[in-house]
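Analysis of the macromolecular model
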Amino acid sequence: FQKVKGPKEPCYYQHVAATRIQTLVRGMFGKKRVQLLKAIASKFITDLTANFWKEVDRRVKAAIKVQSLRRMYLVRRKGLIAKMKLEHLGKCGDKIIFVQAQFLKYIEQNKLMIGIMADSETSAATHIQAVWRGYLARRHYEGLCEEALWTMKGWFEY
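Owing to the predicted nature of the structure, the values given are computational and were not obtained by experimental measurement.

A few points about the overall build of the chain
When helices and strands are tallied, the chain shows four helices and zero strands. The secondary structure elements of the chain, listed N-terminal to C-terminal, are α-α-α-α. Against the 2.2 N^0.38 benchmark of 15 Å for 158 residues, the chain shows a C-alpha radius of gyration of 57 Å, more extended than a compact globule. Principal-axis analysis of the C-alpha atoms places the extent of the chain at approximately 180 × 70 × 20 Å. In the chain, which comprises 158 residues, the share counted as buried stands at 4%. Averaging the coordinates of the 30 positive side-chain charges in the chain and doing the same for the 13 negative ones gives two points 37 Å apart.

Thoughts on the confidence of the model for the chain
Note: predicted coordinates in regions of low pLDDT should not be interpreted at a detailed level. Model confidence for the chain is summarised by a mean pLDDT of 86, while 91% of its residues fall at 70 or above. Per-residue pLDDT, averaged within each element of the chain, yields its smallest value for helix α4 (residues 150–156) (68) and its largest for helix α3 (residues 93–148) (90).

Overview of the pattern of salt bridges
Summed over all chains, the structure comprises five salt bridges. As a salt-bridge pair, arginine 139 and glutamate 142 come within 3.0 Å of each other at their nearest N and O atoms. You can see arginine 139 and its partner glutamate 142 sitting in helix α3, three residues apart, about one turn around the helix. Residues joined in a network through salt bridges with shared partners are Glu55, Arg58 and Arg59.

Things to note about the packing of aromatic side chains
Tallying each qualifying case throughout the model produces two aromatic pairs. Between phenylalanine 52 and tryptophan 53 the ring centres are 5.1 Å apart and the planes differ by 70°, which places this aromatic pair in the edge-to-face class. Residue classification places phenylalanine 52 among the partly exposed positions, given a relative accessible area of 47%. A relative accessible area of 53% means that tryptophan 53 is categorised as exposed.

Considerations on a positive patch on the surface
On the surface, a cluster of positive charge is made up of Arg70, Arg77, Lys78 and Lys83. In terms of residues, the positive patch owes the most to one element, helix α1 (residues 10–78), which gives three residues. Its location among the elements puts lysine 78 in helix α1. For lysine 78, a relative accessible area of 53% puts it in the exposed group.

Looking at a nonpolar patch on the surface
On the surface, a cluster of nonpolar side chains totalling about 380 Å² of accessible area is made up of Ile21, Val25, Met28 and Phe29. Considering the arrangement of structural elements, one finds methionine 28 in helix α1. A residue is classified by how much of its surface remains accessible, and methionine 28, at 44% relative accessible area, is partly exposed.

With respect to helix α2 (residues 80–91)
Across its 12 residues, α2 extends 17 Å between first and last C-alpha, which sits within 8% of the 16 Å expected from 1.5 Å per residue. Across the 12 residues of α2, zero count as buried, placing the element largely on the outside.

How each quantity is defined
Residues numbered from 1 in each chain as written. Predicted model: local features only at pLDDT ≥ 70, side-chain atom pairs only at ≥ 80, totals over all residues. Heavy atoms only, no water. Helix = DSSP H or I, 4+ residues; strand = E, 2+ residues; numbered from the N terminus. Rg over C-alpha atoms; globule rule 2.2 N^0.38 Å. Buried < 20%, exposed > 50% of the residue type's maximum accessible area, 1.4 Å probe, protein only. Lys, Arg positive; Asp, Glu negative; His and termini not counted. Charge placed at Lys NZ, Arg CZ, Asp CG, Glu CD. pLDDT = per-residue confidence, 0-100. Salt bridge = Lys/Arg side-chain N within 4 Å of Asp/Glu carboxyl O. Phe/Tyr/Trp six-rings, centres within 6.5 Å; stacked < 30°, edge-to-face > 60°. Patch = residues over 30% accessible without salt bridge, like charges linked within 9 Å, V, L, I, M, F, W, Y side chains within 5 Å. Areas by Shrake-Rupley, 256 points an atom, 1.4 Å probe, with all protein chains shown as cover. Expected span 1.5 Å × (residues − 1).

Spelled out as structure tokens, the structure:
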């Protein structure tokens, strides 16, 4: 208070002290406000740059996708894939024909084996039926022979 210039009255000192306290408090609040604004600005800038790079990556990926679709369209329009396929088939034609023939041979052999198995099953069933019919015919014949003798039994059994 020695540096204070003005009247040396006690209320004047109180006024100067209040002004000083207000100045210090305003400075303290100002510093807090500046720190808060700096933190908000820093967070905003980091979020902005992160989102910026995410957006850049998304746009780069979208551009790559568009370019790849365009290239695919051009290739299909020119028929390059079909031409390459025909060239490959021309080179491998003999091998393909050979493989097809082998598959057909395998299929025919399989049909033959199935036919043989079915024929053996059919012949086995026919044989079982013949044996059974023979058995039934012999039993029937024995019954008929006995019935034929009934008339003669009546005369001689007295």
